[in-house]
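If you want the building blocks of each chain, they are given just below.
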Amino acid sequence: MAKIGVFVCHCGENIASMVDTSKLVHAIGEHPGVTVASEYKYFCSDPGQETVKKAIRENGLTGVVVAACSPRMHEQTFRKACAEAGLNPYMLELANIREQCSWVHTDKDEATGKAIEITRSLVEKVKRNNDLKPISVPVTRRAMVIGGGVAGIQAALDIAAAGREVVLVEREPSIGGHMAQLSETFPTLDCSQCILTPRMVEAVQHPNITVMTYSEVEEVDGYIGNFTVKVRRKARYVRMETCTGCGDCIQKCPVKKIPSNFECGLGNRKAIYTPFAQAVPNVPVIDREHCLYFKTGKCKICEKSCQIDSIDFDQQDRIETIEVGAIVVATGFQVQDTAMYGEYGYGRYKDVVTGLHFERLASASGPTSGKILRPSDGKEPETVVFIQCAGSRDASKGMKYCSKICCMYTAKHAMLYAHKVHHGKSQIFYMDIRAAGKGYDEFTRRAIEEDEAGYIRGRVSKVFEENGKLIVRGADTLLGRPVEVVADMVVLATAMVPQSDAKDFAKRIGIGYDEYGFYNEAHLKLRPVETATAGIYLCGACQSPKDIPDSVAQASAAAAKVLGLFSKEQLEREPVIASVTDATCAGCWGCVIACPYNAIDRKDITDRNGNVVKRVASVNPGLCQGCGTCVTFCRSNSIDLAGFTEKQIFAEVMAL
Amino acid sequence: MSESFEPKIVAFVCTYCTYAGADLAGTSRMKYASNVRIVRLPCTGRISPMFILKALQKGADGVLVSGCHPGDCHFAQGNYHARRRWTVFRALLAFTGIPEERIKFSWISAAEGAKFTELINGITGQIRALGPFEQYQELQTVIETQSTY
C-alpha cells in the first residue's frame with residue numbers, strides 16, 4: 001500500500017502569492033494514497049528538509065512529492081534528503097509549481113487548479129516509481145584538450161601538474177594559437193611571445209602531456225569517464241622522431257611566395273615551413289598544395305638538403321584512437337572577415353588592415369621586424385585612424401555582441417604606435433570605451449593622457465582614397481558634427497567570431513552552441529566551464545570573446561573540473577536506463593536500429609544443454625544514456641525505461 | 001459549446017530542451033495561458049503515440065509534443081525518431097477520425113522561453129476555437145448503450 005508524502009513549498013512568496021497552498025494541501029491530502037500533506041515557507045532550507053526526513057521516518061513513507069520549483073533546480077537536494085531518511089532517492093518526484101505555474105500565471109484560481117493537477121499526476125507517478133541504484137562506471141583518468149592556444153596549454157599544464165595524463169591536440173603545425181601572433185599584451189605591455197613560448201615548451205616537454213600537432217579530432221564516442229576519440233594525424237611529410245629543426249630544408253625550398261597565414265598575409269613562407277620561428281614542435285610540414293614535388297613529381301630538394309634523412313614523401317594521414325575520460329574544448333576563435341564592411345574599404349585598400357595585421361606589424365618577430373610600416377608602400381604612417389566596433393555591436397550585420405577585447409587592444413595599438421612613431425598621430429573612433437578589468441581603465445587613460453591617443457566618439461560612415469591618402473568620414477557625436485580625418489593607415493578593430501567550422505565541430509563531438517557558433521556552457525553563471533554533455537568542458541574564446549587573463553582563468557577552472565572527475569576511480573551515473581524483458585522480446589531488433597548509442601546488443605538465450613533457443617535484445621548499461629527511443633520503438637512492449645516506465649507515464653496522464 | 005470553454009491541453013516534452021525552455025519562461029516571469037499540463041520525459045524519442053491517444057481519451061482537448069530542434073537533440077537522434085513517428089502517426093489519426101489540428105508538434109530549445117510562451121498561447125487559442133474534444137466520450141456512450149442489450 002502506497003504511503004505518499006506531499007510537501008508544498010511556498011518558496012517565500014514566489015509560489016504562495018499565486019497558488020493557494022492551503023487549498024492545494026487540503027485537496028491533495030484527500031487523494032488516495034497520500035498519508036502526509038504539509039506546507040512550509042522554504043522546504044529546501046535545512047529545517048524544511050528536516051521536516052521531510054522526519055515525515056519519511058515517522059510515517060514510513062514509500063514515496064515523496066515535493067511541490068516546489070523545477071526538478072532542474074532542487075531534485076538532487078530532495079533526493080539526498082530522502083536517502084538520508086532511508087528512502088530510495090528515486091522514490092521522489094518534484095511537482096514544478098513555480099517555474100511552470102506560479103511565475104507564469106496571473107489568475108490565482110487557475111494557478112491553484114493547475115498546481116493541484118500537476119501535483120496529483122506526480123503522486124500517481126511516484127506510486128509507481130521503483131527503487132533504483134546509481135550505476136558505477138570506471139573512469140579513464142586521461143584527459144584530452146582540443147586546441148593548443150593559450151587556454152588549451154594552460155588547461156593541459158594544470159591537469160598534467162596534478163599527475164594526470166593529457167593529450168593536447170592542435171590542428172596547426174605548432175601550438176601557440178592566436179597569442180603567438182600578438183606583439184605586446186594589455187594592460188602590462190609585456191611581449192606576448194616572451195610569456196607564451198616558455199609555456200609552449202613546458203607543455204611539449206612535460207612527461208604527462210602528449211602534444212599532437214597538425215592533428216584534428218574526427219569523432220568522439222562514449223560518455224563521461226569513457227570517451228573514445230578518433231584523431232586524424234595529418235601527414236607532415238617530415239619525420240617527427242628524427243627531425244632536429246635545423247631549417248636547412250626550409251632555406252633550400254624553391255617555392256617562396258606563399259602568403260603566410262601566421263603573418264596574416266603580410267609575409268611569405270615556403271612550401272616546407274614552420275609557421276613561425278618559435279614554433280613548438282620545431283618540425284616543419286610540407287604544404288602539399290604548393291609543393292613542387294607533389295604538383296609536378298619533380299624537385300625533392302628538401303630531401304636532398306636534409307642531412308638526417310627526415311623527409312618522407314610517402315607519409316599518409318593516419319587515424320589514432322585514444323581513450324580519455326574527459327575532454328576540454330579550447331578551440332578558440334577567428335578574426336571576423338571584415339570584407340562585409342564594404343564602406344571601410346577592407347580588401348580594396350591595402351592600408352586598411354585588421355587589428356591582427358597591426359599586431360604582426362608591431363611584433364618584433366613580424367614581417368617588418370616591429371616597425372609600423374604601411375603595407376602598400378612600406379612607408380611610416382604619419383596618421384593612423386583606428387575604428388572600434390568594426391564588426392561588433394552591429395545588429396544590422398547580425399553581430400549583436402560586444403567582442404570585449406577591442407577597446408583594450410585599440411588603446412594598446414595607439415600606445416605601441418606612439419612608442420614606435422614618435423611624431424605619429426592616432427585618432428580612434430569609438431562607441432563606448434569598455435575597459436572593465438584589472439588595470440584596464442588606467443591603461444586606456446594612459447593611452448589618452450601619456451600617449452596622446454585622440455578619441456572621437458562616433459561611427460565612421462565611409463573610408464575612401466584620395467590622392468594616395470585615406471579619407472575617413474565619420475561623425476563626432478559629442479560635438480554633434482561631421483568629421484573627416486586624412487589618414488595614412490586605417491586599423492579596424494575587428495570582432496572575434498567563432499571558428500568557421502565551429503558548428504560542425506560541435507555537432508561532431510556533441511555539444512551545444514549559440515546563434516553565432518560560440519559553445520554553450522551548462523549554466524551561464526553557475527556552471528560556466530561545463531557543457532551540457534557530461535565530461536566535456538570549455539575554456540577560452542570558443543565559448544565567448546575573451547582576453548588572455550579570462551581565457552587562462554577559465555582554462556584553470558576547466559582543469560579543476562577535470563581533476564575533480566578524476567579524483568575517483570568510479571563514477572556514479574543516473575540509473576535512468578532501459579532494460580529488456582527476455583520472455584517477451586521477439587528479437588525484431590527495432591530497438592537496435594533506434595538506439596543512437598549502439599547500446600543494444602543481441603544476447604543468446606540457451607537451454608540447459610547450451611543450445612541457443614532464442615536471441616533477444618540486451619541493453620549495455622554502460623552505454624545506455626536513457627533517452628527511451630527504443631521503448632517507443634518496441635513492438636512487443638518488451639523494453640522499459642527506469643524512471644519513465646510506461647506504467648508511470650500512463651498513470652501520470654490519467655491523473656491530469 | 002459554451003462561451004467560457006477552457007480547453008485542457010497535455011504537453012509531452014523532453015527535459016533537455018522544451019522543459020528547460022518552459023523553466024526559462026518561468027524564471028523570466030513571462031505570462032501565458034494556464035491550460036497546458038506538462039509531462040516531462042527524457043526525450044521526444046520516448047513519446048509513444050499511445051500517450052497521445054491516452055491523453056485524448058482521458059479528456060484532453062489537445063496535445064502538444066515538443067522537443068529539441070533537429071540537430072540539437074541531447075540524445076543525438078531522438079527527436080528525428082519522434083518526427084518520423086509523427087509522420088506515420090498522422091495517417092493513423094486520420095484513420096481514427098481524430099482531427100490533426102488537435103495535436104501540435106514543435107521544437108523549443110532551452111533558450112526559447114519567449115517562443116514557448118507564444119506557442120502555449122497560440123495552441124490554447126487554436127484548441128479553444130476548435131471546441132471541446134468529445135468523440136471519445138460519444139464513443140464511450142455508444143459502447144455503454146450497446147452493451148445494455
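Refer to the preceding data block for the structure.
Being a predicted model, the structure only gives us computed values, none of them experimental. Counting of residues starts from 1 at the beginning of each chain's written sequence and follows it residue by residue. Labels follow written order: the first chain is A, the first ligand is 1, and so on. With the structure being a predicted model, the display of local features is reserved for residues of pLDDT at least 70 and the display and counting of side-chain atom pairs for 80 or more, all residues being used for whole-chain, interface and lining totals. Note: side-chain values were computed over all heavy atoms of the structure, leaving out hydrogens and water.

Draft legend 1. Local environment of the interface of chain B and chain A. For this analysis, residues touch if any pair of their heavy atoms sits within 4.5 Å. Each partner contributes to the interface: chain B provides 43 residues, whereas chain A provides 40 residues. A quick way to say it: buried area is the sum, across both parts, of accessible area lost when two parts are put together, with a 1.4 Å probe. Interface of chain B and chain A: buried area, both sides summed, is about 3700 Å²; carbon and sulfur atoms make up 58% of it. Three residues, Arg 37, Arg 40 and Arg 46 of chain B, lead the burial of chain B against chain A; their summed loss comes to 18% of the area buried on that side. We count a salt bridge whenever a side-chain nitrogen from Lys or Arg sits within 4 Å of a carboxyl oxygen from Asp or Glu. Between chain B and chain A we count 6 salt bridges in total.

Draft legend 2. Highlighting the pairing of strand E12 (residues 226-233) of chain A. Residue and element names in this part refer to chain A. The sheet contact formed by strand E11 (residues 215-223) and E12 spans 8 bridges and is antiparallel. Directly across from Val 217, in E12, lies its bridge partner Val 231. Pairing between strands is defined by DSSP: at least two bridges between the two strands are required. Secondary structure elements are taken from DSSP: a helix is a run of H or I of four residues or more, a strand is a run of E of two residues or more, and numbering for both begins at the N terminus. The pairing of E12 with strand E17 (residues 318-324) spans 7 bridges and is classified as antiparallel. Counted as the bridge partner of Val 229 is Ile 322 from E17.

Draft legend 3. Structural context of the side chain of Ser 260 of chain A. All names here are of chain A. Mapped onto the fold, Ser 260 is located in the loop between strand E13 (258-259) and strand E14 (268-269). Judged by relative accessible area, Ser 260 falls into the buried class, the value being 5%. Pairs of N or O atoms within 3.5 Å make up the polar contacts considered here, provided that, within protein, one atom can donate a hydrogen while the other can accept it, and that residues adjacent in sequence are counted only when both atoms are side-chain atoms. At a separation of 3.1 Å, a polar atom in the side chain of Ser 260 contacts the main-chain amide nitrogen of Glu 263. Those residues within four positions of Ser 260 in sequence are excluded, and the remaining contacts are Gly 265, Gly 267, Asn 268 and Arg 269. Exposed residues in this analysis have more than 50% of their type's maximum accessible area, buried residues have under 20%, and partly exposed residues fall in between, with area computed by a 1.4 Å probe over protein chains only.

Draft legend 4. Structural context of the state of the cysteines. Residues and elements named next belong to chain A. In this description, a disulfide is simply a cysteine sulfur pair whose atoms lie within 2.5 Å. The final tally for this structure, using the stated rule, is 2 disulfides over all chains. One disulfide bridge connects Cys 191 with Cys 194, the sulfur atoms lying 2.3 Å from each other. Its S-S torsion of approximately 90° makes the covalent link between Cys 191 and Cys 194 right-handed. Considering cysteine sulfurs only, Cys 9 is the nearest to Cys 44, which forms no disulfide, with 5.8 Å between them. We note that Cys 249 lacks a disulfide partner, and the nearest cysteine sulfur, in Cys 246, lies 6.1 Å from it.

Draft legend 5. Fine view of the environment of Pro 49 of chain B. Note on placement: Pro 49 of chain B falls in helix H2 (residues 49-57). Considered as a pair, Pro 49 of chain B and Ala 82 of chain B are 33 residues apart in the sequence and their alpha carbons are 9.5 Å apart. Residues contacting Pro 49 of chain B, with those up to four places away along its chain left out, are Thr 632 of chain A together with Arg 85 and Phe 89 of chain B.

Draft legend 6. Broad picture of empty space enclosed by the protein. Buriedness of a pocket was judged along seven lines, with at least five required to meet protein on both sides within 12 Å; pockets are open sets of points on a 1 Å grid over the protein atoms alone, cavities are sets where a 1.4 Å probe fits but cannot get out, and lining residues have an atom within 4 Å of a point. Grid points are joined across faces, edges and corners, and a volume is the space filled by probe spheres set on the points. By the definition in use, this model includes 6 cavities of 30 Å³ or more. Put simply, the largest cavity is a space of about 190 Å³. As for the largest cavity, its lining consists of 17 residues, of which Ile 118 and Leu 122 of chain A together with Tyr 19, Ile 38 and Arg 40 of chain B are closest to the centre. For the lining of the largest cavity, the secondary-structure elements that each account for two or more residues are strand E4 (92-96) and helix H5 (108-127) of chain A together with strand E2 (36-41) of chain B. If one sorts the elements of the lining of the largest cavity by residue count, H5 of chain A sits on top with 5 residues.

Draft legend 7. Inspection of the sheet that holds strand E26 (residues 481-487) of chain A at higher detail. Residue and element names in this part refer to chain A. If you walk across this open sheet you meet the 3 strands as E24-E25-E26, and the pairing is antiparallel. One side of each edge strand has no neighbouring strand; the edge strands of this open sheet are strand E24 (460-466) and E26. Neighbour-to-neighbour, the strand axes of this sheet turn through a mean angle of 20°, independent of strand direction. Pairing of E24 with strand E25 (residues 469-476) involves 6 bridges; the strand directions are antiparallel. Each bridged residue has a counterpart across the sheet, and for Lys 462 the counterpart in E25 is Arg 473. All axes here are fitted lines through C-alpha atoms, helices being fitted over the stretch that makes contact, and every angle between N-to-C directions spans 0 to 180 degrees.

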